[in-house]
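# Coordinates in review
Residue strings, one per chain:
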Amino acid sequence: MKPNHVRHQKALGLAFASVLGLVAGAATAQEVSGEINYWHHFTSQSEFEGMENIMAAFQERYPDVEVTQENIPNAEYMSKFTAAVVSGSRPDTAMVTADRFPDMNAMNGLTEITERVNNWPLKKDFPENRWEAVTANGKIYAVPAFAFVGWTYYRTDFFEEAGLDGPPTTFDEFVEACVALTNAEENRYGFGLRAGDGGQGFIVEVLEAFGVPLVTDGEIDFPRDKAIAAIQWYSDLFTKHKCVPPSAPNDSYRQIMEGFRTGQTAMVWHHTGSFKEISDALPADKFMTAVRPAGPEAHVAQVSYAYNGIMDPENEDASWQWISFWGEADPAIALLEATGYFPASTAVVADPRIVDEPKYEAAAKTLEFGRPPPSFPGAGGWSSSVALTEFQKILVGTATVEEAVDAMIDGLEKTIN
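Residues numbered from 1 in each chain as written. Predicted model: local features only at pLDDT ≥ 70, side-chain atom pairs only at ≥ 80, totals over all residues. Heavy atoms only, no water.

## A closer look at the overall build of the chain
Within the chain, the regular secondary structure consists of 18 helices and twelve strands. Against the compact-globule benchmark of 22 Å for 417 residues, the chain has a radius of gyration of 22 Å, which places it among compact chains. With the C-alpha coordinates of the chain rotated into their principal frame, the extents come out at 65 × 50 × 35 Å. Put simply, the chain has 417 residues, and 55% of those count as buried. Sequence separation of 24 or more characterises 77% of the internal contacts of the chain that already satisfy a separation of 6 or more. Total accessible area computed for the chain in this model is approximately 17200 Å², and 48% of it derives from carbon and sulfur atoms. When the 30 basic and 59 acidic side-chain charges of the chain are each reduced to a single mean position, those positions are 2 Å apart. (Helix = DSSP H or I, 4+ residues; strand = E, 2+ residues; numbered from the N terminus. Rg over C-alpha atoms; globule rule 2.2 N^0.38 Å. Buried < 20%, exposed > 50% of the residue type's maximum accessible area, 1.4 Å probe, protein only. Contact = heavy atoms within 4.5 Å. Areas by Shrake-Rupley, 256 points an atom, 1.4 Å probe, with all protein chains shown as cover. Lys, Arg positive; Asp, Glu negative; His and termini not counted. Charge placed at Lys NZ, Arg CZ, Asp CG, Glu CD.)

As structure tokens, this is what we get:
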């Protein structure tokens, strides 16, 4: 039985499709029909705009398929997913993320779609690394929908004032730039450090850049000396160089974005998902995007793919058409233009609508070396409740770097074992 509180989106206005040029032509040879619903964790106005565009285009292509959607807050998503599996009240389709896939799959919450994927004409446009995060025992369970590509935003006007030629390309250059761009008396800092909620992903990236894999083949792989060097370097931005705002230990997404938008910070790390917000807030000639700087042992930037999977195989044909539709060019670019969420398909990345925008160049380059976040059962819980908490302790002076790293190792061992 479908949830009765879904937000029905069948009649979203076909004007979206005609105005945006999203109509892709006649239906495929396999006619499909039925009613399906879709769970996701979109919440912002821009995300809903992108969703509306995709749904209008899909309805035009498949007029006999009725799609409804339900937005679930990110913090509640996994608990609701679990409850649906346990109670037998699954939606037809649902959004899947790389860090959640191991747990979703462990509870048999997703339907295997390997044969459908292998027979899909567009599969060739998705390199093998796009599928790794949703593959278990050689079986595929979801289709890439879009990507959050990690990159740097920087204020071109501030760089010019400081006499810097361009964005830093290494961690050493990054520290030098942060210091050069900082003037605490004027409340301007080189970097907006996110050490509050959501900052755990950057801690993991820094660890990996110093040669700390976390987990390899199901076993902990956390060399203590390299981890200490990594956490020392990252925490020094606050404790030693003082080139980040004093509020950094509590700064989450909203604070680092506001800091960059208002000119408090000259650089910030985030991903393509915030591009729409930044570009709406700042003149085009005042900011630019750049590839993340390379660490001493690895060039790391997380590329987190969001996927769509089938939970209930009752109407699998229609569900497959819905989740695979997101991989086509026009829907993918419509979502990009509304939200900044980058296409997962290499064919779409080569589209002139992307190539002709210089600010997308950093994302395209990052796709060549970027890596997904670590994916093992419990990864999300360890990074948020252990790694981030211990890093915060360093910043507020209640733990040394060595103590924090030892706590991270102990917490990871407990998570794995």
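## Regarding the environment of Lys-226
Inspection of the secondary structure puts Lys-226 in helix H9 (residues 224-239). For the pair Lys-226 and Gly-381, spaced 155 residues apart in sequence, the C-alpha to C-alpha distance is 22 Å. Excluding residues within four positions of it along the chain, Lys-226 makes contact with Phe-210, Gly-211, Val-212 and Glu-297.

## Looking at helix H13 (residues 329-339)
For H13, the buried fraction is high: nine of the eleven residues fall into the buried class. Those residues of H13 that sit buried are Asp-330, Pro-331, Ala-332, Ile-333, Ala-334, Leu-335, Leu-336, Ala-338 and Thr-339. Gly-340 occupies a position one or two residues after H13 and carries a positive phi of about 90°.

## What to know about the pairing of strand S4 (residues 93-97)
Of all five residues that make up S4, five are buried, and the element is covered over most of its length. Here S4 shows a buried face lined by Thr-93, Met-95 and Thr-97 and a second buried face lined by Ala-94 and Val-96. Pairing of strand S2 (residues 34-40) with S4, which is carried by two bridges, proceeds in the parallel orientation. Its bridge partner being in S4, Trp-39 is matched across the sheet by Ala-94. (Pairing = 2+ DSSP bridges.)

## Examining the pairing of S2
Among the seven residues in S2, five count as buried, and that is most of the element. Taken together, S2, helix H2 (residues 45-61) and strand S3 (residues 65-71) constitute a β-α-β crossover, and its handedness is right-handed. (Right-handed = clockwise from strand over helix to strand, strands pointing away.)

## Notes on the packing of aromatic side chains
Counted by the stated rule, this structure contains 37 aromatic pairs. With a centroid separation of 6.3 Å and 10° between ring planes, the pair formed by Trp-233 and Tyr-234 is classed as stacked. The burial state of Trp-233 is the same as that of Tyr-234; both residues are buried. Aromatic rings pair up to connect Phe-171, Phe-174, Phe-191, Phe-202, Phe-210, Trp-233, Tyr-234, Trp-269 and Phe-391 into one cluster. Cation over ring: Lys-80 sits above Trp-39, and NZ or CZ is 5.3 Å from the ring centre. (Phe/Tyr/Trp six-rings, centres within 6.5 Å; stacked < 30°, edge-to-face > 60°. Lys NZ or Arg CZ within 6 Å of the ring centre and 35° of its normal.)

## Topic: the confidence of the model for the chain
Summary statistics for the chain give a mean pLDDT of 90 and a share of 93% for residues scoring 70 or more. Confidence drops under pLDDT 50 across residues 1-29; counting only partners more than four residues distant or on other chains, this segment forms 57 contacts. (pLDDT = per-residue confidence, 0-100.)

## Regarding the pattern of salt bridges
Across all of its chains, the model carries 19 salt bridges by this definition. In this structure, the salt-bridge partner of Glu-361 is Lys-365, at a minimum N-O distance of 3.2 Å. Remark: Lys-365 and Glu-361 occur in helix H16 (residues 361-366); sequence separation between them is four residues, near one turn of the helix. The exposure class assigned to Glu-361 is partly exposed, which follows from its relative accessible area of 43%. The partner of Glu-390 in a salt bridge is Lys-393, and the shortest N-O contact between them spans 3.1 Å. In this pair, Glu-390 and Lys-393 are both assigned in helix H17 (residues 379-396), three residues apart and thus about one turn of the helix distant. Three or more residues joined by partner-sharing salt bridges are found here, namely Arg-254, Glu-258, Arg-261 and Glu-277. (Salt bridge = Lys/Arg side-chain N within 4 Å of Asp/Glu carboxyl O.)

## Some details on helix H8 (residues 200-209)
Counting buried positions over the ten residues of H8 gives nine, a clear majority of the element. Those residues of H8 that sit buried are Gln-200, Phe-202, Ile-203, Val-204, Glu-205, Val-206, Leu-207, Glu-208 and Ala-209. Residues of H8 that are buried make contact with helix H7 (171-180), strand S8 (214-216), H9, strand S10 (267-271) and H17. Looking one or two residues past H8, Gly-211 carries a phi angle of roughly 90°, positive in sign.

## Some words on unusual backbone geometry
One non-glycine residue, Asn-137, adopts positive backbone phi at about 55°. Relative to the elements of secondary structure, Asn-137 occurs in the loop between strand S5 (135-136) and strand S6 (139-140). Of note in the backbone geometry, Asn-187 takes a positive phi value of approximately 55° without being a glycine. Positionally, Asn-187 belongs in the loop between H7 and H8.

## Let's talk about the nonpolar core
If you look at the biggest cluster of nonpolar residues, it comprises 79 residues, and the most contacted ones within it are Phe-146, Trp-322, Trp-326 and Phe-342. Looking at which element gives the most residues to this core, the answer is strand S7 (residues 142-155), with nine residues. Filtering out sequence-adjacent residues up to four positions away, Trp-322 remains in contact with Ile-36, Tyr-38, Ile-54, Met-55, Phe-58, Val-67 and Thr-93. (Core = buried A, V, L, I, M, F, W, Y, C linked by side-chain atoms within 4.5 Å.)

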